[in-house]
Amino acid sequence: MNINQLLQAQRQFFATGQTKDIRFRLEQLKRLKQAITDSQGAIVKAVNLDLNRPEFEAYFEISTLAEINYAIKHLKSWIKPQRVRASIDQFPASAQIQPEPLGSILIIGPWNYPFQLMISPLVGAIAAGNCAVLKPSEIAVHTSQIVTDMIQKTFDSSYIAILEGGVETSQALLAEKFDHIFFTGGNKVGQIVMAAAAQHLTPVTLELGGKSPCIVESDIQLEYTAKRIAWGKFINAGQTCIAPDYLLVNAQIKQELIPRIQASIQSFYGENPEHSPDYCRIINSGHFERLTQLLHTGKILAGGQTNPETRYIAPTLIDQVAWDDPVMQEEIFGPILPILEYRDLGEAIAQINARPKPLALYFFSKDRQKQQRILQETSSGGVCLNDTVMQFGVTQLPFGGVGASGIGCYHGRASFDTFSHYKSVLKKAFWLDLSWRYAPYQGKVGLIKRAINRL
Ligand code: NAD
């Protein structure tokens, strides 16, 4: 079956109306949950083969189960039409907002959390009553196979299909008319996806990346701050879209903070992280080469060691970095943490605001006024105060970027909203027909003027 035939089959299935039935949706969510539960071991193994991911971190992929449980619990209330007040000039009438599914959704995923970032949007697509076609990243080869096996065993392709492949497959899919495209990946490919979607006027959700700053004030709990930064930066060897990209630290605390971060790295991964079972590798040689080029900036305070055979790059801290250095031009997406300093919080805010809006912004300070200032004076997809990365795990918080870091959001209710159309319905009654709006208008202008000014 080619892609066009596959889409035709999905359109026919969607037209039967089965996906609109809440019982059907709940059943499919439960099937997906069971499939994930049954495949846990295989998923953990595949992610380990792709990224040398330790078992503990591999379970982050399975946390999609929380999204499924949340959707199952709340679906009944989400799909209920919401009554709203119809204004008096509509009398006699009632009005409501009714969510309806969009049709067939194209979901294109990245390689860094290759299972979760495919399946988590799928949960929203199913909950909202859609069909879907998934395209996992070809770069995480082993996980791509596992997701494909799991989806093919669980669903008929006329409902949920999956196609493995690289750029060509992706572009062949993008040439078709879907009802929504959900893309997770880099900004450059995001532009390609959006341009392709524009050909069919297909709406898009773009979950992109960017440079997420981590600002540290001097009034902090030093040890926890250091641990939380080191953990968020070096899990998955820095290949996390919301990893702190760079550190922007108040000069007053810098000399105390850096040794604490070094100590945290050592306590997590030992004297030599290359021998740690808990430290990941870079996904492929292309990314390895790209990252090693970034090591030629500033002064390396910790790490810096590499091994091209295993694509190992040590957790690395770089000091004496300037804003115009190569490491500060693009998202790092690897285990390299440049450190910049500031003297006044306003200066840090100005630097952030002079750059594209980040996906995440981290701010460490006990001071509520400073926290408020950051929330008021900067813009980012999300903010996490006094920790890193953990905001991703709160199902109730919409997850997505703003400006250059993305369009739209998902997780929890936001996923259902993303894959639904909110249809406005006005229902009029026949028992009365006020004639004020009909021509001839002579003598009615005063009436419309008064009515409009009262609205
Ligand atoms: P990528 O943009 O290179 O690839 C993503 C997907 O697009 C893959 O499935 C790939 O096959 C496809 N693709 C690649 N080139 C294409 C082309 N020319 N035309 C059509 N499709 C194409 O991204 P990646 O390297 O897999 O992932 C890393 C990026 O993703 C980082 O920038 C990271 O910040 C971002 N990311 C964002 C989030 C988020 O939730 N916002 C999550 C994870 C990763």
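Remember, predicted model here, so these are calculated numbers, not experimental data. (Residues numbered from 1 in each chain as written. Predicted model: local features only at pLDDT ≥ 70, side-chain atom pairs only at ≥ 80, totals over all residues. Heavy atoms only, no water.)

## Quick look at the site of the ligand
Where we set the bar: Put simply, a residue is near a molecule or strand once any heavy atom of it comes within 4 Å of that molecule or strand. Whenever two N or O atoms come within 3.5 Å, that pair is a polar contact, provided that in protein one can donate a hydrogen and the other can accept it, and provided that, for residues adjacent in sequence, both atoms are side-chain atoms. Only the protein chains shown count as covering a residue, and every accessible area follows the Shrake-Rupley method with a 1.4 Å probe. For helices the rule is a DSSP run of H or I covering at least 4 residues; for strands it is a run of E covering at least 2, with both sets numbered from the N terminus onward.
Taken together, the neighbourhood of the ligand is formed by 27 residues, with Gly 109, Glu 138, Ser 170, Leu 208 and Glu 331 sitting nearest. Between Ser 170 and the ligand, the recorded distance is 2.7 Å, taken from a side-chain N or O atom to a nitrogen atom. Burial of the ligand by the surrounding chains reaches 90%, relative to a free accessible area of 850 Å². Mapped by element, the contributors of at least two residues to the shell around the ligand are α7 (167-174), β6 (180-184) and α8 (187-199).

## What to know about the domain arrangement of the protein
Selection rule: Residue ranges for the domains trace back to a domain assignment, done automatically or taken from a database. Contacts were defined at the residue level, with two residues in contact if any of their heavy atoms lie within 4.5 Å. Accessible area that two parts lose when put together, evaluated with a 1.4 Å probe and summed over both, is termed the buried area. When a carboxyl oxygen of Asp or Glu lies within 4 Å of a side-chain nitrogen of Lys or Arg, that pair is called a salt bridge. In this classification, Asp, Glu, Lys and Arg are treated as charged, Ala, Val, Leu, Ile, Met, Phe, Trp, Tyr, Cys and Pro as nonpolar, and every other residue, Gly included, as polar.
Entries for the protein in the domain assignment read domain 1 (3-208 + 406-422) and domain 2 (213-394). Relative to domain 2, the C-alpha centre of domain 1 lies at a distance of 31 Å. Residue-level contacts link 17 residues of domain 1 with 18 residues of domain 2. For the pairing of domain 1 and domain 2, the buried interface totals around 1600 Å² over both sides, and the portion due to carbon and sulfur atoms is 56%. Inspection of the domain 1/domain 2 interface yields one salt bridge. With a shortest N-O distance of 3.7 Å, Lys 188 and Glu 330 are connected by a salt bridge. At the junction of domain 1 with domain 2, the criterion picks out seven residue pairs in polar contact (both at pLDDT 80 or more). For the side of domain 1 that touches domain 2, the secondary structure elements donating two or more residues are α2 (22-51), α3 (55-62) and α5 (116-127). Broken down by class, the residue content of the side of domain 1 that touches domain 2 amounts to nine nonpolar, four polar and four charged.

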